[in-house]
Amino acid sequence: MAATVPSVPASLRQIQHYMKTAAEHDKRDVVVAYYCRLYALQKAMEIDKKSPEARQFLVSLMDYLEKVKKEHPEEAIHNEVVGQAHMENYALKVFLYADNEDRAGRFTKNVVKSFYTAGMLFDVLGTFGELSEDLVKNQKYAKWKAAYIHRCLKNGETPLPGPMLDEYPDSGIGIEDFSQPGSSFLEAPGGMFPTPGVHAPPTTPQDPPAAAYTPQPANPPLPTPRKSPPQEIVPDWQPPPNPAGVQLTALHYQKAIKFCKYASSAMQYEDAATAIDNLSKALRILTTGKDV
């Protein structure tokens with residue numbers, strides 16, 4: 001018999017959005033659905049584990065997650081290192097899709113939903129430990145952007161694309177502004193997440209964005225000019241040639257760094273096979289320039 005997802009009791013309504021995101025991914029990506037519910041379980045235990053309805057929900061959700069693990073052999077569900085890599089790539093892919101749409105000025109409820117979903121997926125990454133500084137920045141930015149665009153659309157205003165230094169992150173706009181009951185885009189039939197293969201990121205993301213979006217001061221202080229003797233003009237610095245004669249771009253190095261990070265995490269868990277696999281992928285990129 002297939003496992004049944006338990007209903008969320010009123011005392012645990014704070015986790016409802018993670019459970020909803022999980023439900024939206026049951027057929028799209030079972031790994032994402034699994035970790036969304038696992039994170040919801042962890043948060044639920046922090047909120048209420050004493051009331052009868054909460055205890056019943058927690059036990060039922062634990063049973064459900066155990067059945068999912070038995071029914072699905074995906075390595076990302078059974079190996080946290082692989083699971084973390086999968087979730088991080090997926091969250092960043094959703095974030096990048098929303099950010100590209102936003103910067104192109106295509107402000108729709110799908111963009112709001114994607115920013116909102118990305119923010120929650122960054123939350124879910126907390127299942128694996130503390131988030132990196134870059135992920136925290138993307139997490140805050142995604143939640144702020146979702147709230148900002150939603151507010152503009154609701155008020156009939158045209159949002160401004162990209163980060164706004166005067167409003168982010170202390171804009172006073174909170175995710176709760178559009179996550180309350182009655183927010184139409186959350187209850188739309190079929191959900192607002194774009195259909196895979198049309199505009200949305202593919203089901204299994206591959207590459208995160210090259211850099212996080214870090215707001216810079218609007219008026220940075222200028223350095224004090226000082227006289228210096230004329231110097232010979234030095235040509236722009238060029239990276240040393242690749243030993244294999246392959247032309248590598250910054251993106252190649254970003255990918256290689258990513259796999260080295262995964263290998264490092266695997267070694268912390270004494271998982272030699274995963275570490276070797278990721279290091280091999282990094283070496284292949286650096287020696288051939290080809291994607292893995």
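Below is a short write-up of the structure. Quick caveat: nothing in here was measured; it's all calculated off a predicted structure.

Re helix α3 (residues 52–71)
Okay, step 1: Here α3 spans 29 Å end to end across 20 residues, near enough to the 28 Å set by a 1.5 Å rise per residue.
Okay, step 2: Among the residues making up α3, those that are buried are Ala54, Phe57, Leu58, Leu61, Tyr64, Leu65 and Val68. In an axial view of α3, the angular spread of the buried residues amounts to 130°, which keeps them on one side of the axis. Facing away from the buried side of α3 by more than 90 degrees, the exposed set consists of Pro52, Arg55, Gln56 and Lys70.
Okay, step 3: Its buried side turned inward, α3 meets α1 (16–24), α2 (30–47) and α4 (75–78).

Examining helix α6 (residues 109–124)
Okay, step 1: Between its first and last C-alpha atoms α6 spans 22 Å; for 16 residues at 1.5 Å apiece the expected length is 22 Å, and the two agree.
Okay, step 2: Summarising burial for α6: 14 of the 16 residues are buried, a large majority.
Okay, step 3: Where α6 begins, the side chain of Thr108 points an oxygen toward the backbone nitrogen of Asn110, at a separation of 3.3 Å.

Observations regarding the side chain of Glu101
Okay, step 1: Checked against the element boundaries, Glu101 lands in helix α5 (residues 80–103).
Okay, step 2: Leave out the neighbours within four places in its chain, and Glu101 touches Arg106 and Val111.

Observations concerning the packing of α2 against α3
Okay, step 1: Contact pair α2 / α3: the axes reach a minimum separation of 10 Å and the direction vectors enclose 155°. Relative to α3, α2 is oriented roughly antiparallel. Taken as a pair, α2 and α3 cross one another with a handedness that is left-handed. Each of Tyr34, Arg37, Leu38, Leu41, Ala44 and Met45 in α2 lies in contact with α3, whose residues at this interface are Phe57, Leu58, Leu61, Met62, Tyr64, Leu65, Val68 and Lys69.
Okay, step 2: Looking at the contact of α2 with α3, its residues break down into twelve nonpolar, no polar and two charged.

Focus on the environment of Ala263
Okay, step 1: Mapping Ala263 onto the fold places it in helix α9 (residues 250–268).
Okay, step 2: Sequence spacing of Ala263 and Ala275 is twelve residues, and the spatial spacing of their C-alpha atoms is 4.0 Å.
Okay, step 3: Among residues more than four places away in sequence, those in contact with Ala263 are Ala275, Asn278 and Leu279.

So, the packing of α6 against helix α7 (residues 133–154)
When two helices pack together, their arrangement is given by the angle between the helix axes and the distance between those axes.
Okay, step 1: At a minimum axis distance of 8 Å, the contact between α6 and α7 shows a crossing angle of 150°. When the interaxial angle is binned, α6 and α7 end up roughly antiparallel. Judged by the twist between their axes, the crossing of α6 over α7 is left-handed. Two secondary-structure elements touch here, α6 through Lys109, Val111, Val112, Phe115, Tyr116, Ala118, Gly119, Phe122 and Asp123 and α7 through Leu135, Asn138, Gln139, Tyr141, Ala142, Lys143, Lys145, Ala146, Ile149, His150 and Leu153.

Comments concerning the pattern of salt bridges
Close approach of charged atoms lets side chains of opposite charge pair.
Okay, step 1: All chains considered together, the criterion is met by nine salt bridges.
Okay, step 2: Its salt-bridge partner being Glu24, residue Lys113 comes within 3.1 Å of it at the nearest N-O pair. In this pair, Lys113 sits in helix α6 while Glu24 sits in helix α1, placing the two residues 89 residues apart along the sequence. As far as the burial class goes, Lys113 and Glu24 line up, both buried.
Okay, step 3: Between Asp99 and Arg103 there is a salt bridge, with its nearest N and O atoms 2.8 Å apart. Linking Asp99 with Arg103, this pair stays in helix α5, spanning four residues, or about one helical turn.
Okay, step 4: Here Asp99 falls in the buried class, since its relative accessible area comes to 1%.

What counts as what
- Residues numbered from 1 in each chain as written.
- Predicted model: local features only at pLDDT ≥ 70, side-chain atom pairs only at ≥ 80, totals over all residues.
- Heavy atoms only, no water.
- Helix = DSSP H or I, 4+ residues; strand = E, 2+ residues; numbered from the N terminus.
- Expected span 1.5 Å × (residues − 1).
- Buried < 20%, exposed > 50% of the residue type's maximum accessible area, 1.4 Å probe, protein only.
- Arc of directions from axis to C-beta.
- Contact = heavy atoms within 4.5 Å.
- Polar contact = N/O pair within 3.5 Å; in protein donor to acceptor, adjacent residues only side chain to side chain.
- Axes fitted to C-alpha atoms, helices over the stretch in contact; angles between N-to-C directions.
- Parallel < 35°, antiparallel > 145°, perpendicular 65-115°, else oblique.
- Left-handed = near helix turned anticlockwise from the far one by under 90°.
- Nonpolar A, V, L, I, M, F, W, Y, C, P; charged D, E, K, R; others polar.
- Salt bridge = Lys/Arg side-chain N within 4 Å of Asp/Glu carboxyl O.

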